[in-house]
Amino acid sequence: MPISPPPPSPNAAVIGSSALVQGTSRRRLFAPPALDAVARSAGHGSDLIHYRREQYRPDRTWERQGVVTADATGPAALTRIGRSAALHALVPERDGLRHHVHGPSGWRPLGIVSPPADAVALVARAGGLDALVLSGGAVVHHRGERSGDGSWRWTPQATLATDAVAAPALTAGPGHTLTAAIALSDRTSVLVTSRRSAAPRWSTEASLPPATGTPGLAQRGDVALLALPNGTGFDVHARLASAGAVSVAALTPMSPHAGRPPGGGDGHAGPATARPGTDPTAGPWRPDGHVRCGLRDVAAVSLLASGLDGWFQALTQEGTSLFQWHRQERDGGVRWTRSACLRLDDRSPATIDPAPSIKRAQISGDVDTQPSADGNPRVTLSRSLTRSGVRGTDLGVRVTHSGRDYLLCGDTHWTRPLRTTRDSIAAIGPDGPLPGLPAFTFHGAPIRLMGGRTTMREYDVPLDTFSHRGGWFLFATSNHFLNHQVMGRSVLARALFDPAAIDQGARRPLRFRTLTTVSSRYFVNISCATLPGRTLPGLGVDHDVVALWGSGAYRADDLRLAILDPEPLSSRLAGRRPFPPDALGLRFFAGTSEGVPRWSDRESEAMPLVSGSFGEISVRHVPQIGAYVLLAMSGPEDPIGPCVTLRTSRTPWGPWSDRVVLLDWVRHGMSFDDPSSRFIRASLEASEPVGDRIFRGQRDATGGAYAPYLFDTRMDGDDLVLRYTLSTWNPYQIVLMEHRLAALP
């Protein structure tokens, strides 16, 4: 059944330049306070929604806090003020620009600030509030002061522009100064006020290039950053209060890489000093690089000088989706990177397959808690607890080496506590305990990565493998939470064991030796496949190569493609220490020219294949249909709902088809209408039969589907029957799903 979400209003912004703020209270000692944001509802509806994201762990997601108002007509502005750091919002509404405040009982409206407005910027300063209000093309400065009775009085101060083309940006600096950025048709005008002036007097400080959307502006001490949307990215300009050279920590030219992770990591730009530019209209502002976001135009940027290691952060509207970015400062280098997806508003056409995927069996664990028709416990395909000491696990990537099949599993919980979260592997056999289904034999000890300062805790998981000249090579993630990213980097390792030695009674880990870091940027999650080099135009290689489809920030990044030539690896295997990442010789898909792929040796030039919020990804070539198949999950607040999706492409780089929905896991996995078909925990009631209690944080939570990995495919008449593994969180197990596709995308 085709579905086409209604397109949003063209060029309408859902966030303004003051959409992102940081709190003052800390969830945990030494952790940065939470972030708050406001955004109009998807499709540019009239609801203004308040979101919050804790920062004490990078894997915390954006969560809805409530609706500020159901009458918003434009992007709102948010700030904190006072000893209680209360949240204040100014919201364009039908009857005027209204002031709202957040208290113990939620949001409540106050008075009207001005007549109806298009957009607004807001900042707290000197015990009051300053706002720049856009109405038509006019930008007017308003000042809000609290009266003795607790009410707020707003008065207009000055008109800053009459021909603005986008929402203004505003920030406060030392000495109660204000800086404003106003997008005009031919330039961006930067204005400032004098220090400690009771009635601020505005003057033009600089004229910078024009912006194609709402600019972002933030200041930390003497350093101010300005983000100017420019097509599918934004240009960054920086200013220091003092003249002359700029310290490296404050301002370093944009680097294609972040700080150096353990084991060598990606390279980065060396220390540099910014020198005054030659453009006399730029005043004290200097270029600080261009940030390429994705495939969608950037409509708005909200900048924040946060307490997260002193980094600047941004909330961007890309198309109609919302992403959070970090400006990472590590080892004298600077790199902007996505850190989270607040909303994936993908309004491209999609198809819901009439018959959803069905669960065939549970792979891991001893007990399948899904209710059975006869009341007897369901059989699992491994009995991993009794036979191998595996209580629960996730992921489930099917790989092949030397003609044998294996299942790579992620954070695994064992009967031995010291092995907690250590990854596992299982051998796959043809005949399992259920007719027509395979058997899985888990090795009785974990996988172990050696060398390269790799870590083996949560989120440090195996991703995929390839074989070359008898060797078995593994891609895996390591160093979780490095640089405040969920998955810090990916590494390449080589097996030091005979895979035929997998034994459910074994007690010795299966060892891999780390060879090098692969990426800490765009290829942290990886799915790979071996294919002939001659099928890749422009690469100039005839022998087999390894295609890597990757995503960077966990569940927040686009899909990209790289090619690894495995031949040079042979000369690197003799050494005992990891070799530099550059020695891998990765070639990155950098777009097409007249239909022919262009390849670059710079990861910073890797072009997205598909926009999204990808985390775990699975790409495999399906010979029955002569196409590549991509399995992934939908994103947060996705118009198609919480789903497992499929795309196809005739070539590794695309174009990729629109999404096909295979499974709505809330509707068909939690099965509220039919508890007998439920295999994902749907409630916390004591009567809920589905679920297990594997570890803290999981045992008292409902379930959720993630990590669909293609298992195998076959043709049945004209139908393609595919099976894939799926993780369900609670139960903390892997299940085997099956789907019948009658019509291929």
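Conventions adopted
All residue numbers refer to positions counted from 1 along the written sequence of the respective chain. Confidence filtering applies because this is a predicted model: local features only for residues at pLDDT of at least 70, side-chain atom pairs given and counted only at 80 or more, and all residues used for totals across whole chains, interfaces and linings. Water and hydrogen atoms were dropped before computing side-chain values, which therefore reflect all heavy atoms in the structure. Strands here mean DSSP runs of E at least two residues long; helices mean DSSP runs of H or I at least four residues long; both are numbered from the N terminus. Our radius of gyration is a C-alpha quantity, and the globule rule it is checked against amounts to 2.2 Å times the number of residues to the power 0.38. Working definition: with a 1.4 Å probe on protein chains only, accessible area under 20% of the residue-type maximum means buried, over 50% means exposed, and in between means partly exposed. By the convention used here, residues are in contact when the closest approach between their heavy atoms is within 4.5 Å. Note on areas: these come from Shrake-Rupley sampling with a 1.4 Å probe, and a residue is covered only by the protein chains present in the view. Neither His nor the chain termini are counted; the positive set is Lys and Arg, and the negative set is Asp and Glu. Taken as the charge location is NZ of Lys, CZ of Arg, CG of Asp or CD of Glu. Pairing between strands is defined by DSSP: at least two bridges between the two strands are required. Note on geometry: axes are lines fitted to C-alpha atoms, helical ones only across the stretch in contact, with angles between N-to-C directions running from 0 to 180 degrees. What pLDDT expresses is the predictor's confidence in each residue, scored from 0 to 100. By definition, a salt bridge exists where a carboxyl oxygen of Asp or Glu is found within 4 Å of a side-chain nitrogen of Lys or Arg. We define the nonpolar core as a collection of buried residues of types Ala, Val, Leu, Ile, Met, Phe, Trp, Tyr and Cys that are connected through side-chain atoms lying within 4.5 Å of one another. Each pair of aromatic rings taken from Phe, Tyr and Trp, with Trp reduced to its six-membered ring, is defined by centres within 6.5 Å and is described as stacked if the planes are under 30 degrees apart, edge-to-face if over 60, and tilted in the remaining cases. Whenever two N or O atoms come within 3.5 Å, that pair is a polar contact, provided that in protein one can donate a hydrogen and the other can accept it, and provided that, for residues adjacent in sequence, both atoms are side-chain atoms.

### Side note on the overall build of the protein
A tally of helices and strands in the protein yields two helices and 51 strands. A globule of 745 residues ought to have a C-alpha radius of gyration of about 27 Å, and the protein, at 27 Å, matches this closely. Considered along the principal axes of its C-alpha atoms, the protein spans approximately 80 × 60 × 50 Å. A total of 745 residues make up the protein; the buried ones form 60% of that total. Long-range contacts, defined here as pairs at least 24 residues apart, represent 54% of the contacts in the protein between residues at least 6 apart. Just so you have it, the protein exposes about 28,800 Å², and 49% of that area is on carbon and sulfur atoms. On the protein, the mean spot of the 79 positive side-chain charges and the mean spot of the 68 negative ones are 7 Å from each other.

### Topic: the sheet that holds strand β29 (residues 395-401)
Sheets are built from strands that pair by backbone hydrogen bonding, the pairs being arranged parallel or antiparallel. The strand order across the open sheet built from four strands is β29-β30-β32-β33, with neighbouring strands paired in antiparallel fashion. Every interior strand has two partners, whereas the edge strands, β29 and β33 (439-442), have only one. When strand polarity is set aside, the average angle formed by the axes of neighbouring strands in this sheet is 30°. With six bridges connecting them, β29 and strand β30 (residues 404-409) associate as antiparallel partners. Across the sheet, the residue bridging to valine 399 is tyrosine 406, located in β30.

### What to know about the confidence of the model for the protein
Low pLDDT means the predicted atomic positions in that stretch should not be read closely. Of all residues in the protein, 92% attain a pLDDT of 70 or more, and the chain-wide mean is 90. Confidence drops under pLDDT 50 across residues 242-261; counting only partners more than four residues distant or on other chains, this segment forms 64 contacts.

### Considerations on the pattern of salt bridges
One side chain can pair with another of opposite charge once the charged atoms of both are near each other. Tallied over the entire structure, the rule returns 39 salt bridges. Note that glutamate 458 and arginine 57 form a salt bridge whose closest N and O atoms lie 3.0 Å from each other. Within this pair, whereas glutamate 458 is found in the loop between β34 (447-450) and β35 (462-468), its partner arginine 57 is found in the loop between β4 (48-53) and β5 (63-69), the two being separated by 401 residues in sequence. Looking at arginine 57, the relative accessible area reads 18%, which means it is buried. One salt bridge connects arginine 64 with glutamate 637, and the closest N-O pair in it is separated by 3.1 Å. Linking arginine 64 in strand β5 with glutamate 637 in the loop between β46 (627-633) and β47 (643-649), this pair joins segments that are 573 residues apart in sequence.

### Notes on the nonpolar core
Core analysis: the biggest nonpolar cluster contains 52 residues, and Phe466, Phe475, Leu492 and Leu548 have the highest contact counts within it. Those residues within four positions of leucine 492 in sequence are excluded, and the remaining contacts are Phe466, Phe473, Leu474, Phe475, Arg513, Thr514, Leu515, Thr516, Val518, Leu569 and Leu584. Core analysis: the next-biggest nonpolar cluster, separate from the first, contains 25 residues, Ile625, Val629, Ala682 and Met737 among them.

### Here's the deal with the side chain of aspartate 235
The residue aspartate 235 is located in strand β20 (residues 233-240) in this model. Nearest to the buried, unbridged aspartate 235 among oppositely charged side chains is arginine 292, at 11 Å.

### Details of the packing of aromatic side chains
In the structure shown here, the tally under the stated rule is 18 aromatic pairs. Ring geometry for phenylalanine 234 versus tryptophan 336: centroids 5.5 Å apart, planes at 85°, classification edge-to-face. In this pair, phenylalanine 234 sits in strand β20 while tryptophan 336 sits in strand β25 (residues 333-343), placing the two residues 102 residues apart along the sequence. Taken individually, phenylalanine 234 and tryptophan 336 each receive the classification buried, so the pair is uniform in this respect. Ring geometry for tyrosine 459 against tyrosine 554: centres 5.8 Å apart, planes inclined by 70°, an arrangement best described as edge-to-face. Residue tyrosine 459 is located in the loop between β34 and β35, and its partner tyrosine 554 is located in the loop between β40 (544-551) and β41 (557-564); the two are separated by 95 residues in the primary sequence. Residue tyrosine 459 is classed as buried on the basis of its relative accessible area of 17%. Through pairs of rings, three or more aromatic residues link up here, namely Tyr406, Trp472, Phe497 and Phe512.

### Examining the sheet that holds β34
Pairing is mixed across the open sheet formed by five strands, whose spatial order is β34-β38-β37-β36-β35. One side of each edge strand has no neighbouring strand; the edge strands of this open sheet are β34 and β35. Here the strands of the sheet are splayed against their neighbours by 35° on average, with no regard to which way each runs. The pairing of β35 with strand β36 (residues 471-478) spans six bridges and is classified as antiparallel. By the bridge assignment for β36, phenylalanine 466 is matched with phenylalanine 473.

### Structural notes on the pairing of β20
β20 sits mainly inside the fold: eight of its eight residues count as buried. A two-sided burial pattern is seen for β20, the buried positions comprising Gly233, Asp235, His237 and Arg239 on one face and Phe234, Val236, Ala238 and Leu240 on the other. As paired strands, strand β19 (residues 223-230) and β20 are joined by eight bridges and run antiparallel to one another. Pairing of leucine 228 across the sheet is with aspartate 235, part of β20. The antiparallel pairing of β19 with β20 creates a hairpin that spans two residues between the two strands, and glycine 231 there sits at a positive phi of about 65°.

### Looking at unusual backbone geometry
The omega torsion of the bond from glycine 654 to proline 655 falls at 10°, within 30 degrees of zero and hence cis. Along the chain, proline 655 falls in the loop between β47 and β48 (659-664). Each neighbour pair has its own omega, and for asparagine 730 with proline 731 the value is 5°, a cis peptide bond. Following the sequence through the fold, proline 731 ends up in the loop between β50 (719-727) and β51 (734-741). The phi torsion at arginine 453 lies on the positive side, around 50°, for a residue other than glycine. Locating arginine 453 in the fold gives a position in the loop between β34 and β35. Owing to a relative accessible area of 61%, arginine 453 belongs among the exposed residues under this scheme.

### Describing the environment of leucine 684
Note that leucine 684 resides in the loop between α2 (665-669) and β49 (706-716). The exposure class of leucine 684 is exposed, given its relative accessible area of 54%. In the structure, leucine 684 is positioned 99 residues away from glycine 585 in sequence and 50 Å away in space, judged by C-alpha atoms.

### Some remarks on the side chain of arginine 723
Within the secondary structure, arginine 723 sits in strand β50. Under the relative-accessibility criterion, arginine 723 is labelled buried at 13%. Only 2.6 Å separates the side chain of arginine 723 from the side chain of aspartate 712, close enough to count as a polar contact. With residues near it in sequence (within four places) discarded, arginine 723 still touches Gly436, Leu437, Pro438, Tyr709, Leu710, Phe711, Asp712, Leu736, Met737 and Glu738.

### Brief notes about the environment of proline 499
Relative to the elements of secondary structure, proline 499 occurs in the loop between β37 (489-495) and β38 (510-519). Put simply, proline 499 and histidine 401 are 98 residues apart on the chain and 8.1 Å apart in space, counted from C-alpha to C-alpha. Proline 499 has contacts with His401, Tyr406 and Trp472, leaving out every residue within four places of it along the chain.

### Comments concerning the pairing of β49
Across eight bridges, β49 lies against β50 in antiparallel orientation. Within β50, the position partnered with tyrosine 706 by the bridge is serine 727. Hairpin remark: β49 followed by β50, antiparallel, with two residues in the connecting loop; positive phi at glycine 717, about 70°.

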